[in-house]
Amino acid sequence: MYLEFESMPAHARIWVYQADRKFKQEELVWVKDRLATFCEQWNAHGALMPTSFTIKFDQVIILSVDESQLGASGCSIDSSIRTLREIEEKFGVNLLDQGKVGFLESEDNLTINSVFGIKSNIRSGALQSETIVLNPLVKEKADLGNKWLIPAKESWLNKYFEN
């Protein structure tokens, strides 16, 4: 059953998917409608789960499930991946490749690059130790408040900066 993202409890499990480009406004309308439809019927072993999503920076999809009464099963997670693949195919974006790093060039301008381009981003100065990066490994909705957007030096990227 679909709930507004703000209504999801702090302990709700989340998955973060970074698109390699911003969605256009008309694409966002379609993606939001598709995700809402998916969340309405997202279930585990036939039982509907409280679910939601949000889209940040017009290119980061965050799915959420309240697992307090019923955990997301492998099959239910697979169904979410099928929906994300549908979005990828329809709009020619890459959501599921985990080899991406997202960082803020400004407060609302997100850049997503391949992990293989990190060293060149650092050499050019586009990515510095204080640059805010996305931590896609957050696990709960509460983590979005303090563990999702962090300085690069507090992430796995710290090894690339001179200390």
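Residues numbered from 1 in each chain as written. Predicted model: local features only at pLDDT ≥ 70, side-chain atom pairs only at ≥ 80, totals over all residues. Heavy atoms only, no water.

1. Some points on empty space enclosed by the protein
A complete count under the given rule lists one cavity of 30 Å³ or more for this structure. Its boundaries defined by the atoms lining it, the largest cavity holds a volume of some 40 Å³. V16, Y17, Q18, L95, D97, Q98, K100 and P136 together form the lining of the largest cavity. If one sorts the elements of the lining of the largest cavity by residue count, strand β1 (residues 13–18) sits on top with three residues. Looking at the lining of the largest cavity, its residues break down into four nonpolar, two polar and two charged. (1 Å grid on protein atoms, 1.4 Å probe; cavity = no way out; pocket = protein on both sides within 12 Å on 5 of 7 lines; lining within 4 Å. Points joined across faces, edges and corners; volume = space filled by probe spheres on them. Helix = DSSP H or I, 4+ residues; strand = E, 2+ residues; numbered from the N terminus. Nonpolar A, V, L, I, M, F, W, Y, C, P; charged D, E, K, R; others polar.)

2. Observations regarding the sheet that holds β1
Pairing in this open sheet of three strands is antiparallel, and the strands run β1-β5-β4 from one edge to the other. Two strands lie at the open edges of the sheet, namely β1 and β4 (51–56), each paired on one side alone. Put simply, the sheet's adjacent strands are angled 15° from each other on average, direction ignored. Sitting on the sheet, helix α1 (residues 25–41) touches β4 and β5 (60–65), and the angle it makes with β4 is about 165°. (Pairing = 2+ DSSP bridges. Axes fitted to C-alpha atoms, helices over the stretch in contact; angles between N-to-C directions. Contact = heavy atoms within 4.5 Å.)

3. Considerations on the environment of A152
Locating A152 in the fold gives a position in the segment after β9 (149–151). The exposure class of A152 is buried, given its relative accessible area of 0%. Distance from A152 to Q128, taken between C-alpha atoms, is 7.0 Å for residues 24 residues apart in sequence. Those residues in contact with A152 that sit more than four places away from it in its chain are L127, Q128, S129, T131, V133, L157, N158 and F161. (Buried < 20%, exposed > 50% of the residue type's maximum accessible area, 1.4 Å probe, protein only.)

4. Details of the pairing of β4
With respect to burial, β4 is a largely interior element, five of its six residues being buried. Pairing analysis gives six bridges linking β4 to β5, with the strands arranged antiparallel. When the bridges of β5 are listed, S52 appears paired with S64. Hairpin connection, β4 to β5: the antiparallel pair is bridged by three residues, and F57 has positive phi, about 55°.

5. Some words on the domain arrangement of the protein
Each domain of the protein was delimited in the assignment, giving domain 1 (5–91) and domain 2 (100–160). The partner domain 2 presents 19 residues to the 20 residues of domain 1 that form the contact. Summed over both sides, the interface between domain 1 and domain 2 buries roughly 1500 Å², with carbon and sulfur atoms accounting for 63% of that surface. Contact with domain 2 buries area across many residues of domain 1, yet I14, Q18 and F57 alone supply 44% of it, more than any other trio. Scanning the region where domain 1 abuts domain 2 turns up zero salt bridges. At the junction of domain 1 with domain 2, the criterion picks out nine residue pairs in polar contact (both at pLDDT 80 or more). The set of elements that each furnish at least two residues to the side of domain 1 that touches domain 2 consists of β1 and β5. (Domains from an automatic or database assignment. Buried area = accessible area lost by both parts, 1.4 Å probe. Salt bridge = Lys/Arg side-chain N within 4 Å of Asp/Glu carboxyl O. Polar contact = N/O pair within 3.5 Å; in protein donor to acceptor, adjacent residues only side chain to side chain.)

6. With respect to unusual backbone geometry
Backbone geometry places F57, a non-glycine residue, at a positive phi of 55°. The residue F57 is located in the loop between β4 and β5 in this model. Judged by relative accessible area, F57 falls into the buried class, the value being 19%. Despite not being glycine, D58 has its phi angle at roughly 60°, a positive value. Relative to the helices and strands, D58 resides in the loop between β4 and β5. The class for D58 is partly exposed, based on a relative accessible area of 30%.

7. Some remarks on the environment of P151
Within the element layout of this structure, P151 appears in strand β9. Residue classification places P151 among the buried residues on the basis of a relative accessible area of 16%. Taking C-alpha positions, P151 is 29 Å from V31, a pair spaced 120 residues apart along the chain. Residues within four places of P151 in sequence aside, it is in contact with S129, E130, T131, I132 and V133.

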